[in-house]
Amino acid sequence: MTIELTGLHHLTAVTAKASDNHRFYTATLGMRLVKRTVNQDDTSAYHLFYGDGAGSAGSDITFFDWPVAPEQRGTRSIVRTGLRVDGADTVAWWHDRLRAMGVTTGEPAMVDGRMSLDFEDPEGQRLRLVDDGGKGRMVPWAEGPVPADRQIRGLGPVTLSVARIERTDRMLTDVMAMRHERSYEDPARPNHKVEVYAMGPGGPAAELHVVEERDLPAAVQGAGSVHHVAFRTPDRTGLTAWAERTAEMEVRTSGEVERYYFRSLYFREPNGILFEIATDGPGFDADEPIERLGERLSLPPFLEVRRADIEKRLKPL
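Predicted model only: the values in this text are computed from it and were never measured.

Okay, helix H1 (residues 18-28) next. In an α-helix, one full turn covers 3.6 residues, which means residues spaced three or four apart are oriented alike. By the burial criterion, the buried members of H1 are Ala-18, Asn-21, Phe-24, Tyr-25, Thr-26 and Thr-28. Directly beyond the C-terminal end of H1, a positive phi value near 70° is found at Gly-30.

This is how it looks when you write it as structure tokens:
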């Protein structure tokens with residue numbers, strides 16, 4: 001059986017300031033809070049999902065709310081998260097919007113042949129708006145503060161920094177069946193090449209970019225860091241096939257984990273970065289209608305019996 005990842009599913013990062021995080025990603029970036037839930041392994045912490053109007057697979061950047069110090073930057077980490085928009089003119093529009101709202105940004109520039117704009121959120125989360133040419137499905141958020149044609153369409157590409165690329169390359173190509181497509185010079189890191197790996201149809205929604213930085217210490221996760229990146233498989237049959245493949249390749253994994261809104265498999269690439277493969281469904285409307293997504297605390301059935309205690313320990317957004 002031939003199996004193939006179809007793109008980026010979601011990316012999970014860390015915030016120490018949930019209220020400020022919520023305000024930035026919804027009011028400034030115009031993304032919809034599509035699921036207000038908790039970390040299923042640490043119910044004292046919010047797990048907030050921001051995405052397109054429907055929380056489509058591939059559109060979500062998510063955050064664990066943990067009371068931690070800021071990240072210590074370095075290698076062996078995810079160092080830049082792409083957010084896709086439609087058109088170079090939209091990148092320029094965002095440059096003006098972010099500057100007007102007091103966000104420090106770089107200048108629009110071509111990166112790997114795509115007009116891009118680098119900036120950071122208030123905790124130092126490194127982001128990049130990327131022109132994807134309007135390719136792929138996206139559901140606008142009708143009630144959002146950003147016009148539909150300017151809204152963030154989803155994730156991609158995501159950039160990793162590793163200390164040694166050889167074993168990561170083997171993981172991506174031999175185990176995860178990605179294609180090495182090209183290299184480009186990283187404008188933020190002179191004399192560093194970025195290697196581009198593609199999944200499924202390719203394009204920015206289905207790319208992982210990897211840069212080798214042997215001279216840096218390992219990053220220490222904290223507020224403003226990325227916890228893990230997840231890749232798409234259509235359904236449970238596909239996830240089981242990936243569990244079997246990783247076992248055959250002697251990759252240690254979590255085994256299949258039920259997350260209710262999707263089902264997951266976790267493992268680390270050789271430099272220690274956490275990867276997840278996740279199913280496209282059932283989706284965030286499994287327990288609330290599309291039009292009410294993110295308005296109240298959602299809990300999977302096995303946590304619902306603890307709702308009163310969980311709600312009592314969470315701070316209001």
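Having seen it, we continue.
Bringing the environment of Asp-86 into the picture now. Mapped onto the elements of the fold, Asp-86 is located in the loop between strand E5 (77-85) and helix H2 (88-100). Take Asp-86: its relative accessible area is 34%, and that puts it in the partly exposed class. For Asp-86 and Val-130, which are 44 residues apart along the polypeptide, the C-alpha to C-alpha distance reads 8.2 Å. Aside from chain neighbours lying at most four places away, what touches Asp-86 is Asp-131, Asp-132, Gly-133, Gly-134 and Arg-153. A polar side-chain atom of Asp-86 sits 3.2 Å from the main-chain amide nitrogen of Gly-134.

Before going further, it helps to spend a moment on the pairing of strand E3 (residues 42-51). Within E3, eight of the 10 residues are buried, which leaves it mostly tucked inside the rest of the structure. Of the strand pairs in this sheet, strand E2 (residues 32-39) and E3 are connected by seven bridges, and their pairing is antiparallel. Each bridged residue has a counterpart across the sheet, and for Arg-32 the counterpart in E3 is Gly-51. Adjacent in sequence and paired antiparallel, E2 and E3 are bridged by two residues. Sheet analysis places E3 next to strand E4 (residues 60-65), joined by four bridges and oriented antiparallel. Within E4, the residue paired with Leu-48 across the bridge is Phe-63.

With that settled, consider the pairing of strand E12 (residues 207-212). Most of E12 is tucked away: five of the six residues are buried. The sheet contact formed by strand E9 (residues 154-162) and E12 spans five bridges and is parallel. Each bridged residue has a counterpart across the sheet, and for Leu-160 the counterpart in E12 is Val-210.

Sheets are built from strands that pair by backbone hydrogen bonding, the pairs being arranged parallel or antiparallel. The sheet built from eight strands is open, its strands ordered E6-E7-E8-E5-E9-E12-E11-E10 with mixed pairing. Here the strands that pair on one side only, and so sit at the sheet edges, are strand E6 (109-111) and strand E10 (179-185). Geometrically, the sheet is characterised by an average inter-axis angle of 35° between neighbouring strands, direction not taken into account. When E5 meets strand E8 (residues 126-131), the two strands line up parallel, connected through five bridges. When the bridges of E8 are listed, Leu-83 appears paired with Leu-129. In this fold H2 packs onto E5, strand E7 (114-120) and E8, with an angle of close to 20° to the strand it touches most, E7.

A word on the pattern of salt bridges. Per the stated rule, a full pass over the model turns up 29 salt bridges. The residue Arg-263 makes a salt bridge to Glu-256 at a minimum N-O spacing of 2.9 Å. The class for Arg-263 is buried, based on a relative accessible area of 16%. On the basis of relative accessible area, Glu-256 is assigned to the partly exposed category, the value being 28%. Sharing partners across several salt bridges, the network here consists of Glu-4, Asp-112, Arg-114, Arg-179, Glu-181, Arg-182 and Glu-207.

Turning to the sheet that holds E3, a few remarks are in order. In spatial order, the strands read E2-E3-E4-E1-E13-E16-E15-E14; together these eight strands make up an open sheet with mixed pairing. The open sheet is flanked by E2 and strand E14 (257-258), the only strands paired with a single partner. The sheet contact formed by strand E15 (residues 263-268) and strand E16 (residues 274-279) spans five bridges and is antiparallel. Residue pairing in the sheet places Ser-264 in a bridge with Ala-278 of E16.

Among the nonpolar cores identified, the biggest contains 63 residues, and Leu-29, Met-176, Phe-231 and Phe-275 are the most heavily contacted of them. Not counting the four nearest positions on each side in its chain, Phe-275 is found in contact with Leu-160, Leu-172, Met-176, Leu-208, Val-229, Phe-231, Leu-265, Tyr-266, Phe-267 and Glu-269. If you look at the next biggest cluster of nonpolar residues, it comprises seven residues, including Phe-49, Ala-278, Phe-284 and Leu-293.

Cut-offs used in this document
Residues numbered from 1 in each chain as written. Predicted model: local features only at pLDDT ≥ 70, side-chain atom pairs only at ≥ 80, totals over all residues. Heavy atoms only, no water. Buried < 20%, exposed > 50% of the residue type's maximum accessible area, 1.4 Å probe, protein only. Helix = DSSP H or I, 4+ residues; strand = E, 2+ residues; numbered from the N terminus. Contact = heavy atoms within 4.5 Å. Polar contact = N/O pair within 3.5 Å; in protein donor to acceptor, adjacent residues only side chain to side chain. Pairing = 2+ DSSP bridges. Axes fitted to C-alpha atoms, helices over the stretch in contact; angles between N-to-C directions. Salt bridge = Lys/Arg side-chain N within 4 Å of Asp/Glu carboxyl O. Core = buried A, V, L, I, M, F, W, Y, C linked by side-chain atoms within 4.5 Å.

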